[in-house]
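For reference, the chains in residue letters:
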Amino acid sequence: MTVEQQARGAAGASRRRSRKDEILEIAVGLFAARGYHGVSMDDIGAAAGVTGPALYHHFAGKEAMLVAALIPVSEGLLDGGRERATAHPDDPRAALESLIDFHVDFALANPAVIALHLHELDRLPDEPRRRIRRLQRLYVEEWVTVLTALHPGMPDGEARVLAHAAFGLMNSTPFLGGEVDRRRRAELLRGATLAALLA
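Residues numbered from 1 in each chain as written. Predicted model: local features only at pLDDT ≥ 70, side-chain atom pairs only at ≥ 80, totals over all residues. Heavy atoms only, no water.

Draft legend 1. Fine view of the nonpolar core. Residues Phe31, Ile44, Met65, Leu70, Leu96, Ile100 and Trp143 are the most contacted members of the largest nonpolar core, which totals 57 residues. For this core, the secondary-structure elements that each account for two or more residues are α2 (19–34), α3 (41–48), α5 (62–86), α6 (92–109), α7 (111–120), α8 (126–150), α9 (156–170) and α10 (182–198). (Core = buried A, V, L, I, M, F, W, Y, C linked by side-chain atoms within 4.5 Å. Buried < 20%, exposed > 50% of the residue type's maximum accessible area, 1.4 Å probe, protein only. Helix = DSSP H or I, 4+ residues; strand = E, 2+ residues; numbered from the N terminus.)

Structural data, given as structure tokens:
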């Protein structure tokens, strides 16, 4: 099955979502598979079943699609991270496990967005790129707060190193094959991340 067929299938699978959301999901899948510069508006339109020019009714262009894909994800990670970190104010181990569960679930559900973020973020204009980087830094700080509570005396800088290492592990999902089912992949990623951060 081609990327275009998969993208069309994704669009048809969820009629309750807006057409704009469907088109964005298709664009993200194509960007992740081919790279930002390897996809044209006509490619996105063909996969979505509309003409390229009709896409401009929803988005000003590919750059606007990239911004629309990455900013809400960064906001969602920060909001979810804050919620989980503050849910266990007196139990940093439980807070860490909750953060790991949250991020692993996100990573397994959004491999295309992770690939897009890893390879295409620098293609954004300065303002949205700075906004995304700021949201990411704030998300990292949620992890730093939990890690320094869990490891008294650990400097913030070392906790940041550990947090980024954990993200590298959990965000490996775009590169994992399908030979291990999703539930088991989640277990493996959770266990490996927790072990690394508790060491």
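Draft legend 2. Here's a closer look at the packing of aromatic side chains. If you walk through the whole model with that rule in mind, you get 4 aromatic pairs. Centroid distance Phe31 to Tyr36: 5.3 Å. Interplanar angle 50 degrees. Geometry classified as tilted. A centroid spacing of 5.6 Å and a plane angle of 15 degrees characterise the contact between Tyr139 and Phe167, whose relative ring orientation is stacked. Here Tyr139 is found in helix α8, whereas its partner Phe167 is found in helix α9, with 28 residues between them in sequence. An aromatic cluster is present here, built from Tyr139, Trp143 and Phe167 joined pairwise through their rings. The ring of Phe59 is capped by Lys20, whose NZ or CZ atom sits 5.2 Å from the centre of that ring. (Phe/Tyr/Trp six-rings, centres within 6.5 Å; stacked < 30°, edge-to-face > 60°. Lys NZ or Arg CZ within 6 Å of the ring centre and 35° of its normal.)

Draft legend 3. Summary view of the side chain of Glu142. Turning to its location among the elements, Glu142 is positioned in helix α8. Glu142 gets classed as buried once you look at its relative accessible area, which sits at 17%.

Draft legend 4. Looking closely at the environment of Gly81. With respect to the element layout, Gly81 can be found in helix α5. Along the backbone, Gly81 and Phe102 are 21 residues apart, and their C-alpha atoms lie at a distance of 7.5 Å. The contacts of Gly81, once residues within four sequence positions are left out, are Leu99, Phe102, Tyr139 and Glu142. (Contact = heavy atoms within 4.5 Å.)

Draft legend 5. Expanded view of the side chain of Arg185. Relative to the helices and strands, Arg185 resides in helix α10. Despite being buried, Arg185 has no salt bridge partner; Asp181 is the closest side chain of opposite charge, sitting 6.6 Å away. Non-local contacts of Arg185, meaning those with residues more than four positions away in its chain, are made with Leu108, Leu176, Gly177 and Val180. (Lys, Arg positive; Asp, Glu negative; His and termini not counted. Salt bridge = Lys/Arg side-chain N within 4 Å of Asp/Glu carboxyl O.)

Draft legend 6. Inspection of the pattern of salt bridges at higher detail. Taken as a whole, this structure holds 14 salt bridges when the rule is applied. Note that Arg84 is salt-bridged to Glu83, the shortest N-O span being 4.0 Å. Via salt bridges that share partners, Asp101, Asp105 and Arg190 belong to a single interconnected network.

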